[in-house]
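Structural characterization, general
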Amino acid sequence: MEKRNTMEIRPAKLSDSERIYHTHKASIVALCARHYCEKDITGWVDILSPAIYENAINEKTMIVAEDQDQLLGLGILDIESKEICAIYIHPSSTGIGLGKRILLELEHRAHEKDIDTLTLCSTTNALGFYEHHGYIKEGQNFHEIPNGIRLQCTQMRKTILEK
């Protein structure tokens, strides 16, 4: 019997916060560990809690990818700053095009708001992904998280809407 694809991408809800937290944490621990030291990974996940997603859900464009009751990935777009703030995929869902689907959905939502250019700060492990999808490196940077951990990243830009 063929398995039906029931995966959907939809706006995040406050009731998703616990599952978003677990997906975000699992993604960092499994997918970023080869690119950042243990101290940085530990500091990074230590600031996470279900409560931190409330602002993104209420004030930004936050989407989740869900298959039945399993949260597979998440993405955050800040319309005001024209920035993709985050894309995280659960480690069990890598390699199936889910990151691309989330990225395209965020770009589509930006396009609907007449945003012509998006920026982002790519983690080291995601750099190739964003380059593959047309983002251009603008320089090295550090993303400082609230507990003082500084994560090396690359500032990137992509034109999504020609003027």
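Here the structure is shown first, and the text comes after it.
Here is what the cut-offs are and how they apply
- Residues numbered from 1 in each chain as written.
- Predicted model: local features only at pLDDT ≥ 70, side-chain atom pairs only at ≥ 80, totals over all residues.
- Heavy atoms only, no water.
- Disulfide = S-S within 2.5 Å.
- Helix = DSSP H or I, 4+ residues; strand = E, 2+ residues; numbered from the N terminus.
- Buried < 20%, exposed > 50% of the residue type's maximum accessible area, 1.4 Å probe, protein only.
- Expected span 1.5 Å × (residues − 1).
- Pairing = 2+ DSSP bridges.
- Axes fitted to C-alpha atoms, helices over the stretch in contact; angles between N-to-C directions.
- Contact = heavy atoms within 4.5 Å.
- Salt bridge = Lys/Arg side-chain N within 4 Å of Asp/Glu carboxyl O.

**Here's the deal with the state of the cysteines**
Tallied over the entire structure, the rule returns 1 disulfide. The partner cysteine of cysteine 121 in its disulfide is cysteine 153, sulfur to sulfur 2.1 Å. With a gap of 32 residues between them, cysteine 121 in strand E5 (residues 117-123) and cysteine 153 in strand E7 (residues 150-159) connect regions that are remote in the sequence. Cysteine cysteine 32 is unpaired, with the sulfur of cysteine 153 as its nearest cysteine sulfur at 12 Å. In this structure cysteine 37 is a free cysteine whose sulfur lies 12 Å from that of cysteine 32, the closest cysteine sulfur available. Its relative accessible area of 42% is what places cysteine 37 among the partly exposed residues.

**Details of helix H4 (residues 98-112)**
Compared with an ideal rise of 1.5 Å per residue, which puts 15 residues at 21 Å, H4 spans 21 Å between its outermost C-alpha atoms and is within 8% of the ideal. Among the residues of H4, those classed as buried are Leu98, Gly99, Ile102, Leu103, Leu106, Glu107, Arg109 and Ala110. Just downstream of H4 lies aspartate 114, where phi reads positive at about 60°.

**Thoughts on the sheet that holds E5**
Across a sheet, strands are paired by hydrogen bonds formed along the backbone, either parallel or antiparallel in direction. Pairing is mixed in the open sheet, where 7 strands are placed in the order E1-E2-E3-E4-E5-E7-E6. Single-partner strands in this sheet number two, and they are strand E1 (7-11) and strand E6 (136-144). Here the average twist between neighbouring strands, direction ignored, is 25°. Sheet analysis places E6 next to E7, joined by 8 bridges and oriented antiparallel. Note that in E7 the partner of glycine 139 across the bridge is glutamine 155. Against the sheet, helix H1 (residues 17-31) makes contact with E1, strand E2 (61-67), strand E3 (70-78) and strand E4 (83-89), and its axis sits at roughly 90° relative to E3, the strand it touches most.

**Here's the deal with the environment of isoleucine 145**
Positionally, isoleucine 145 belongs in the loop between E6 and E7. Take isoleucine 145: its relative accessible area is 5%, and that puts it in the buried class. When the C-alpha positions of isoleucine 145 and glycine 43 are compared, they lie 8.6 Å apart, and in sequence the two are 102 residues distant. The residues touching isoleucine 145, leaving out its near neighbours within four places in the chain, are Gly43, Trp44, Ile47 and Leu151.

**Some points on the pattern of salt bridges**
Opposite charge on two side chains permits them to pair, given that their charged atoms come into close proximity. In this structure the tally under the stated criterion is 9 salt bridges. Linking arginine 19 and aspartate 16 is a salt bridge whose minimum nitrogen-to-oxygen distance equals 3.0 Å. A relative accessible area of 26% places arginine 19 in the partly exposed class. We classify aspartate 16 as buried; its relative accessible area is 2%. Arginine 19 serves as the salt-bridge partner of glutamate 66, at 2.7 Å between the closest nitrogen and oxygen. One end of the pair, glutamate 66, is in strand E2; the other, arginine 19, is in helix H1, and 47 residues separate them in sequence. Overall, glutamate 66 belongs to the buried group, its relative accessible area being 11%. Taken together, the salt bridges that share partners define one network made up of Arg10, Asp16, Arg19 and Glu66.

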